[in-house]
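Structural overview
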Amino acid sequence: MKSSLLKKIFIPVLAISLLVVGSSFKSDYFEISKQIEIFTTLFKELNMNYVDETNPAELMDTAIKNMLDDLDPYTKFLNEQDVEAYKINNAGEYSGIGSLVRSYDDKLLIVEPYKDYPADKAGLKAGDEIIKIGGIEVSDFKDNASELLKGANNSKVEVSYKRQGKTYTTTVEREGIEIDAVPYYKMLNEDTGYIVLSRFNSKASGQTKSALIDLKGKGATKIILDLRGNPGGLLSEAINVTNLFVPKNELIVTTKSKVKKFNNEYRTKNKAVDENIPLVILVNGSSASASEIVSGSLQDLDRAVVVGARSFGKGLVQRPLKLTYGTQLKVTISRYYTPSGRCIQSLDYWNRDEFGNAVKNSTFKEYTTRNGRKVEDGGGVMPDIVIETQKTTDLTKALKSDHLIFDFATKYYYTNEVANTENFVFEKSDYDAFKRFVSESDFAFETATEKALKDAISGKDKALNSPEIMNSYNSLLVELNKEKIKALDTYQKEIQTNLEDEIIKRYFYREGLYDYYLKNDEAILTSSALMNDASKYESILN
């Protein structure tokens, strides 16, 4: 109720008051000042006269964040705690337990403990549910309970958690955590180097350069750069990473905005490490933003072959603007364009459907690369070679968002012994077990057909609400649910790839997953074969 009330009262006023930040609103100065005055008066009177005690900071935080939800998902208000988290993400260093966690109202879930860091040393595993931290019940903590896991180096905290229905307690000694941009690199064979670039924090270009030089020293004459799952980060680091493979003064990205000072061209500033080494870039649906700048620009310049699945499609640039009392507004200031002139933004947040969802681009313009190859805008970076198992259908997205793949991996871990990655085989019986796991869950994946039927039945046409039609409707829903289980077979390869990834991390951490990839990952094997065929590699680029 509080959230909806705030939206109705505060949002229209706040939407105008915050716009004073932008220089383009100077002509509306009177209107802005008027609305700010109205809001200030309203906020004061509300807090002074409301029947119950109010929390002004909480009201304001909720109001601002709800207002920004009507824009794109990247424009965010950052309170003091958010600002610190933002700095940590970009710097790649913090002090804590060294684990990826997911927050719930009554618990924290360990998603991935990092090898040899405090959580791992204390015996915490993926799937563990943290219910108490330092004597504080997570369910009683109003703010983000994951903050309780952070603390000074060498400080200790007692953690209670549930695992497979039993409750345990352990002590975790915090330490400095370094988040590597390049968590893994290795020689794939005698002449091909493989580099995983997982994020674009301040370490990205430096660590990628070091890995590249080291692999070249070990005999690498070909490189595979893996950007799959990389959500992006710093624009400057994306340009610097691209610069490792292209010469100085090459145009990499252009940003365009309604604010003149945000219109910029970004060019490489340094000498490349290697302008000629054959290069393959791996992307998938989770490769976004800075990842798309690197893959899109190298594709446009015909400097690399892109392999995998269509990338996410985030062509929007954000900048943090300082506000008062240590807060910030991370605001979308421009769109970026690759060297060919294309913007790969996929969703149009300024045009929404009747359900409030951003409209997906359906028309694409053609552009040409330096060598005249055709590429398109408006929907992420389309690979030169598409790998079907790297795609993510709506069904797979739903399985992941409902955490069914994660939860099944947890169950698998506690019921199966796996000695090493070489012996790991996901059998047909394992996939059958997963299908039973899904059918026995409350998995609620709504297909486009179901959505259309529901909209029709809930409409104003009373003829559609007759008993006969409703019985047919319910029977059809039953049949559709049966088809959903069959769809698990249709998309087995794609879903099984995600299952294998999650399971292997449980036994051998992320490093073990990358070791497994070198011998089993379809995108890597395809890329390696491509670069062993020099004529085919060159024919794609030309």
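Residues numbered from 1 in each chain as written. Predicted model: local features only at pLDDT ≥ 70, side-chain atom pairs only at ≥ 80, totals over all residues. Heavy atoms only, no water.

1. Regarding the confidence of the model for the protein
- With 88% of its residues at a pLDDT of at least 70, the protein reaches an overall mean of 88.
- The low-confidence segment residues 1-25, where pLDDT is below 50, has 40 contacts with residues more than four positions distant or belonging to other chains. (pLDDT = per-residue confidence, 0-100. Contact = heavy atoms within 4.5 Å.)

2. A look at the packing of helix α10 (residues 394-401) against helix α15 (residues 492-520)
- Packing of α10 against α15 brings their axes to within 10 Å, and their N-to-C directions diverge by 30°. The orientation of α10 with respect to α15, classified from their angle, is roughly parallel. Once α10 is placed against α15, the crossing between them reads as right-handed. Within the contact between the two elements, α10 uses L395, T396, L399 and K400 and α15 uses E494, I495 and N498.
- Of the residues that constitute the contact of α10 with α15, the class distribution is three nonpolar, two polar and two charged. (Axes fitted to C-alpha atoms, helices over the stretch in contact; angles between N-to-C directions. Helix = DSSP H or I, 4+ residues; strand = E, 2+ residues; numbered from the N terminus. Parallel < 35°, antiparallel > 145°, perpendicular 65-115°, else oblique. Left-handed = near helix turned anticlockwise from the far one by under 90°. Nonpolar A, V, L, I, M, F, W, Y, C, P; charged D, E, K, R; others polar.)

3. Points about the pairing of strand β4 (residues 108-113)
- With six of six residues buried, β4 lies mostly within the body of the structure.
- In this sheet, β4 lies alongside strand β3 (residues 99-103) in antiparallel orientation, the contact comprising five bridges. Bridging from a neighbouring strand, S99 pairs with P113 of β4.
- A loop of four residues connects β3 with β4, the two strands running antiparallel in sequence.
- Here β4 pairs with strand β5 (residues 129-133) via two bridges, running antiparallel. When the sheet's bridge partners are listed, L108 is paired in β5 with I130. (Buried < 20%, exposed > 50% of the residue type's maximum accessible area, 1.4 Å probe, protein only. Pairing = 2+ DSSP bridges.)

4. Some words on the sheet that holds strand β11 (residues 192-196)
- The strand order β10-β11-β12-β15-β16-β23 describes an open sheet built from six strands, whose pairing is mixed. Since the sheet does not close on itself, it has two edges, and those belong to β10 (184-187) and β23 (385-386), each with one partner.
- In this structure, strand β15 (residues 279-283) lies alongside strand β16 (residues 305-308), joined through four bridges in parallel fashion. Bridge pairing in β16 places V283 opposite G308.
- Its contacts with the sheet place helix α9 (residues 290-300) against β15 and β16, and it is angled at close to 140° to β15.
- Most of the contacts of α15 go to β10, to which it runs at about 35°, and overall it touches β10 and β11.

5. Quick look at the pattern of salt bridges
- Tallied over the entire structure, the rule returns 28 salt bridges.
- Where D191 meets K222, a salt bridge forms, and the shortest distance between an N and an O atom there is 3.1 Å. With D191 in the loop between β10 and β11 and K222 in strand β12 (residues 222-226), this residue pair connects regions lying 31 residues apart in the sequence. Taken as a pair, D191 and K222 share a single burial class, namely buried.
- D432 is paired through a salt bridge with K428; the nearest N and O atoms lie 3.0 Å apart. With D432 and K428 both in helix α12 (residues 428-439) and four residues apart, this pair spans about one turn of that helix. (Salt bridge = Lys/Arg side-chain N within 4 Å of Asp/Glu carboxyl O.)

6. Quick look at unusual backbone geometry
- One non-glycine residue, N154, lies in positive phi territory at about 75°.
- One non-glycine residue, Q164, adopts positive backbone phi at about 50°.
- Within the element layout of this structure, Q164 appears in the loop between β7 (156-163) and β8 (166-173).

7. Side note on the nonpolar core
- Formed by 94 residues in total, the largest nonpolar core has its most connected members in Y194, L399 and F434.
- For this core, the element with the most residues is α15, which contributes eleven residues.
- What L399 contacts, discounting residues up to four positions off in sequence, is L404, I405, F434, V438, F443, L488 and I495.
- If you look at the next biggest cluster of nonpolar residues, it comprises 16 residues, including L148, V159, Y161 and V172. (Core = buried A, V, L, I, M, F, W, Y, C linked by side-chain atoms within 4.5 Å.)

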